[in-house]
Amino acid sequence: MSGAERKKEKLSFYIFGNSFLLIVIAIIHYKPSPFLFIPLLVSAIIMLLQSRVNRYAFVVGAINSVLYAVAYVKMSLYATALYALLISCPLQIITFVNWNRYTKQSKTELRRMSGTSRIKLFGGMLAVWVLLYMIFSGLNSQYLLLDNSNAVLGMITTILCTLRFKEYTLLQ
């Protein structure tokens with residue numbers, strides 16, 4: 001492992017450790033229901049696995065999507081709950097199954113999006129956000145702006161990860 005790789009590894013672990021610590025502090029302070037904090041702790045572990053480009057992050061992520069869906073329904077975040085069950089969970093499983101197709105010598109090859117693709121992605125995100133807003137505004141979703149934004153970003157990061165685009169890490 002080169003010096004640059006070691007620095008990246010240390011930074012990744014530092015970010016993970018701090019995130020995990022902040023989550024634990026918030027859990028102790030706010031004392032939420034286990035339905036709310038268990039998926040959050042699992043997400044921190046997934047973040048660590050994804051930072052190492054570990055394909056098992058997707059198996060854990062698929063299971064965690066179901067846990068999140070339950071938590072989102074309890075919080076009246078219906079768009080995000082549907083995203084978790086109908087998009088995130090299946091795409092995580094598909095990504096896990098297809099992951100070995102995209103490896104060279106045990107290293108996964110990630111691609112970069114073109115400028116045109118990024119513009120199309122932003123337009124698509126905006127269109128889906130407006131569509132979800134129209135659908136869920138009639139269902140009295142409790143936090144509509146947050147719910148839609150979270151659902152759209154979740155959809156996009158899951159799709160970008162499935163297609164192996166580097167930009168998923170930034171949006172995640």
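Quantities reported herein were computed from a predicted structural model and do not represent experimental measurements.

Undergrad: Explanation requested: the overall build of the chain in the structure shown.
TA: What the chain contains, in helices and strands, is 7 helices and 2 strands. Its helices and strands in sequence order give the chain the pattern α-α-α-α-β-β-α-α-α, from N to C terminus. The C-alpha radius of gyration computed for the chain amounts to 17 Å, which stays within 12% of the reference 16 Å derived for 172 residues, consistent with globular compactness. Along the three orthogonal principal directions, the C-alpha set of the chain runs to about 55 × 45 × 25 Å. Here the chain holds 172 residues, and 34% of them are scored as buried. Residue pairs in contact within the chain that sit at least 24 positions apart in sequence constitute 64% of those at least 6 positions apart. Element-wise, carbon and sulfur atoms account for 69% of the exposed surface of the chain, whose accessible area totals about 10900 Å².

Undergrad: I tried to follow the environment of L160 on my own but got confused; where do I start?
TA: As for its placement among the helices and strands, L160 is situated in helix α6 (residues 144-162). Overall, L160 belongs to the buried group, its relative accessible area being 4%. Sequence separation between L160 and R111 is 49 residues, and the spatial gap between their C-alpha atoms is 9.8 Å. The residues contacting L160, other than those within four sequence positions of it, are M113, L121, F165, E167, Y168 and L171.

Undergrad: Looking at this structure, how should I read the side chain of S88?
TA: Along the chain, the position of S88 falls in helix α4 (residues 78-98). Here S88 falls in the buried class, since its relative accessible area comes to 4%. Among the polar contacts made by the side chain of S88, one reaches the side chain of S65 at a distance of 2.9 Å. Those residues in contact with S88 that lie beyond four places of it in its chain are S65, Y83 and T158.

Undergrad: Whenever I open this one, the confidence of the model for the chain confuses me. Can you help?
TA: Low pLDDT means the predicted atomic positions in that stretch should not be read closely. On average, the chain scores 84 in pLDDT, and the residues at 70 or more come to 94%. Ranking the helices and strands of the chain by mean pLDDT puts helix α3 (residues 57-74) first, with 93, and strand β1 (residues 103-104) last, with 59.

Undergrad: How should the packing of aromatic side chains be read in this particular structure?
TA: Both the distance between ring centres and the angle between the ring planes are used here to describe each pair of aromatic rings. Tallying each qualifying case throughout the model produces 3 aromatic pairs. Judged by centre distance (5.3 Å) and plane angle (15°), the ring pair of Y68 and Y72 falls under stacked. Of the two residues, Y68 and Y72 are both situated in helix α3; the distance of 4 residues between them amounts to about one turn of the helix. There is no split in this pair, since Y68 and Y72 are both buried. Centre to centre, the rings of W129 and Y133 are 5.4 Å apart; their planes meet at 15°, and the pair counts as stacked. Of this pair, W129 and Y133 both sit in helix α5 (residues 115-137), 4 residues apart, roughly one helical turn. On the accessibility criterion, Y133 (34% relative accessible area) is partly exposed. R55 extends its terminal NZ or CZ atom over the ring of Y56, reaching a point 5.8 Å from the ring centre. Sitting over the ring of F96, R55 keeps its end group 4.0 Å from the ring centre.

Undergrad: Please clarify how α4 should be interpreted in this entry.
TA: An α-helical turn contains 3.6 residues, so any two residues separated by three or four positions project in the same direction. In a regular helix each residue adds 1.5 Å, so 21 residues correspond to 30 Å; α4 covers 29 Å between its end C-alpha atoms and thus fits that length. Along α4, the sharpest change in direction is near 40° and occurs at A84. Taken together, the buried positions of α4 are occupied by A79, T80, A81, Y83, A84, S88, C89, L91, Q92, T95, F96 and N98. Packing partners of the buried residues in α4 comprise α3, α5 and α6.

Reading guide: rules and limits
Residues numbered from 1 in each chain as written. Predicted model: local features only at pLDDT ≥ 70, side-chain atom pairs only at ≥ 80, totals over all residues. Heavy atoms only, no water. Helix = DSSP H or I, 4+ residues; strand = E, 2+ residues; numbered from the N terminus. Rg over C-alpha atoms; globule rule 2.2 N^0.38 Å. Buried < 20%, exposed > 50% of the residue type's maximum accessible area, 1.4 Å probe, protein only. Contact = heavy atoms within 4.5 Å. Areas by Shrake-Rupley, 256 points an atom, 1.4 Å probe, with all protein chains shown as cover. Polar contact = N/O pair within 3.5 Å; in protein donor to acceptor, adjacent residues only side chain to side chain. pLDDT = per-residue confidence, 0-100. Phe/Tyr/Trp six-rings, centres within 6.5 Å; stacked < 30°, edge-to-face > 60°. Lys NZ or Arg CZ within 6 Å of the ring centre and 35° of its normal. Expected span 1.5 Å × (residues − 1). Bend = angle between axes of the 7 residues up to and from the residue.

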